[in-house]
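Observations on the three-dimensional arrangement
Residues per chain are reported as follows:
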Amino acid sequence: MDSTPSRQGREVFRHAGRVRFSRGVLTLFVAAFLVLFTLFVTLPVVSLFLRISPEAFFRSLAEPVVIDALSLSLTTATASTAIVVLFGTPLALVNARHEYPGRALVDTLTDLPIVLPPAVAGIALLMAFGRRGVVGQYLNEFGISIAFTTVAVILAQVFVASPFYIRQARASFEAVDRIYEDAARTLGASPPTVAIRVTIPLAWGGLVSGAILSFARALGEFGATIMFAGNFQGRTRTMPLAIYTTMQGDLDAAISLAIILVMISFVVIAAVKVITRRKF
Amino acid sequence: MLAFRAVRQLRDFVLDLALSVRPGETLVLIGENGAGKSTVLNLISGILTPDEGEITLGDKILFSSEERINVPPESRNIGHLFQSYALFPHMTVAENVAFGLRCRRLPEPEIKRAVAEQLAVMKISELADINVGRLSGGQRQRVALARALVLEPDLLLLDEPLAAVDMRAQSAMRRELRERIRETGIPCIIVTHNLRDAVELGDRLCLIEDGRLFADGRPEEVLGMRENGFIASFVG
């Protein structure tokens, strides 16, 4: 009689031991997996910093090919982000708030560049805006040619980066409670005033992080740019193109440019994290 | 004087009713959840549009399906307080109260003066620069009321005005609300679940059931209709 509880007790104890053991194995396995994966992502990035001395890094920052690429990239990515925000904000707001025939189609089309390979985007842009393209041939008659110019760089960036902003903007607008918009209307605000003074401020965090993501994507654009805009220093050779070009001769310049892009990426991730965490 | 007659298809039934509010009168709407009380307020302020009907306020036609008139909410000059108060979370108390005046493009000094005056009347001057996220239920109610009253509306719509105010403060707030409504003389429609709201605030009581007007009269008349299931449970 009195031995039964203690045998049960031992059983329970042994069972608990088994659970603890298998949980330990699982933890170890998951930890190893996490470490391996994190290393796989970080090691290549760290290697960039290990392959170049600080002196060589700063020396190549003074090279014209690097300076040109850096300033071209920053100006074109800024311009394309501005265009995306200007056109994308009303589009996202309308699609978030209004039902109209063809809305689903517009949504799908604005998302298309995310899944489209950049090389396809490049040749498609060329077929549209190239010298003999669908639109380009008419522009050409007015003496306007877009392909292989800085404008082409911006167009390629707008094309590939716009979905990042528009998706985020739409989601942020949808997250704004309509009751605030209704209240604003009854207080005397017309629909445009409601958008400017209520909806956009309430969606602000999401809009800014969408714009930052879109800027980062524009900064990294390679495939569509090299096909549609070419690779001319100072005009169309953005940082990714300059990395590709200098890699064959001046590896230090390529690594320096890569390091700058890595640093910008880190700032972007940090900025998005900080901004999206802020809540009213 | 508000005259309201509207038909609108809702999810479960057709809302079809007519009611009116005389100058300076306070009308209280009671009824089950989902009977269409808040919908009536939304139709009057213009957030929702009737399928057909006519809404007039004073000598202004706000909506008429026959004459194809539909004045947008921003031009109706009706104060609408939502159950959740819907204070703008990205603005301070003073900015919330100034919102409607800014939409009317009044000169800045005039806005400042009107806001300060309204905050003083509502006894919330010390909250002017506080973000609305940090207010209590009672304070929110005052800010929402100030935000509507500063515009001197022709009609005031209050949806469960005291529901978010905590129990202990409710009777004081109710007394104060009644005084403010009397002082301003603005006609008023109040939606409520609370018997004391109905008795103490209402000049007239309307019972709405499934989108139709079931009873309309002085509070003691309507509340005397004990044979009605809702009234019986409402009076308790």
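Residues numbered from 1 in each chain as written. Chains lettered and ligands numbered in written order. Predicted model: local features only at pLDDT ≥ 70, side-chain atom pairs only at ≥ 80, totals over all residues. Heavy atoms only, no water.

1. So, helix α13 (residues 251-277) of chain A
Under the 1.5 Å per step criterion, the end-to-end length of α13 of chain A is 39 Å for 27 residues, consistent within 8% with the ideal 39 Å. When we look at burial in α13 of chain A, the residues that qualify are Ala253, Ala254, Ile255, Ser256, Leu257, Ala258, Ile259, Ile260, Leu261, Val262, Val268 and Val272 of chain A. (Helix = DSSP H or I, 4+ residues; strand = E, 2+ residues; numbered from the N terminus. Expected span 1.5 Å × (residues − 1). Buried < 20%, exposed > 50% of the residue type's maximum accessible area, 1.4 Å probe, protein only.)

2. Side note on the packing of helix α4 (residues 137-149) of chain B against helix α5 (residues 167-184) of chain B
All names here are of chain B. As a packed pair, α4 and α5 sit with axes 12 Å apart at the nearest point and diverge in direction by 5°. Relative to α5, the element α4 is oriented roughly parallel. Residues Gly138, Gln141, Arg142, Leu145 and Leu149 of α4 form the contact with α5, whose participating residues are Met173, Glu176, Leu177, Arg180 and Thr184. (Axes fitted to C-alpha atoms, helices over the stretch in contact; angles between N-to-C directions. Parallel < 35°, antiparallel > 145°, perpendicular 65-115°, else oblique. Contact = heavy atoms within 4.5 Å.)

3. Observations regarding the domain arrangement of chain A
You can read the domains of chain A as domain 1 (1-50) and domain 2 (57-277). For domain 1 of chain A versus domain 2 of chain A, the distance between C-alpha centres works out to 44 Å. (Domains from an automatic or database assignment.)

4. A word on the sheet that holds strand β11 (residues 212-217) of chain B
All names here are of chain B. The sheet built from 6 strands is open, its strands ordered β7-β8-β9-β3-β10-β11 with mixed pairing. Looking along the sheet, the strands with just one partner apiece sit at the ends: β7 (78-81) and β11. When strand polarity is set aside, the average angle formed by the axes of neighbouring strands in this sheet is 15°. Of the pairings in the sheet, the one linking strand β8 (residues 155-159) to strand β9 (residues 188-191) comprises 4 bridges and is parallel in character. Opposite Leu156, over in β9, you have Cys188 as the bridge partner. Along the sheet, α4 contacts β7 and β8; its crossing angle with β7, the most-contacted strand, is approximately 165°. (Pairing = 2+ DSSP bridges.)

5. Points about the pattern of salt bridges
Residues and elements named next belong to chain B. Considering all chains together, one arrives at 22 salt bridges over all chains under this definition. Arg11 is the salt-bridge partner of Asp12, the closest N and O atoms lying 3.3 Å from each other. On the basis of relative accessibility, which here comes to 58%, the residue Asp12 falls in the exposed class. For Glu108, the salt bridge is made with Lys112, and the minimal N-O distance between the two is 4.0 Å. Taken as a pair, Glu108 and Lys112 lie in helix α3 (residues 108-121) at a separation of 4 residues, close to a single helical turn. Members of the salt-bridge network, linked through shared partners, are Arg22, Glu25, Arg204 and Asp216. (Salt bridge = Lys/Arg side-chain N within 4 Å of Asp/Glu carboxyl O.)

6. Considerations on the pairing of strand β10 (residues 204-209) of chain B
Residues and elements named next belong to chain B. Where burial is concerned, most of β10 is hidden: 5 out of the 6 residues are buried. Here strand β3 (residues 26-30) pairs with β10 via 4 bridges, running parallel. Across the sheet, the residue bridging to Leu29 is Cys206, located in β10. In the sheet, β10 pairs with β11 via 5 bridges, with the strands oriented antiparallel. The residue bridging Cys206 from the neighbouring strand is Asp216, located in β11. Hairpin connection between β10 and β11: a loop of 2 residues separates the two successive antiparallel strands, and Asp210 in this loop has a positive phi of roughly 45°.

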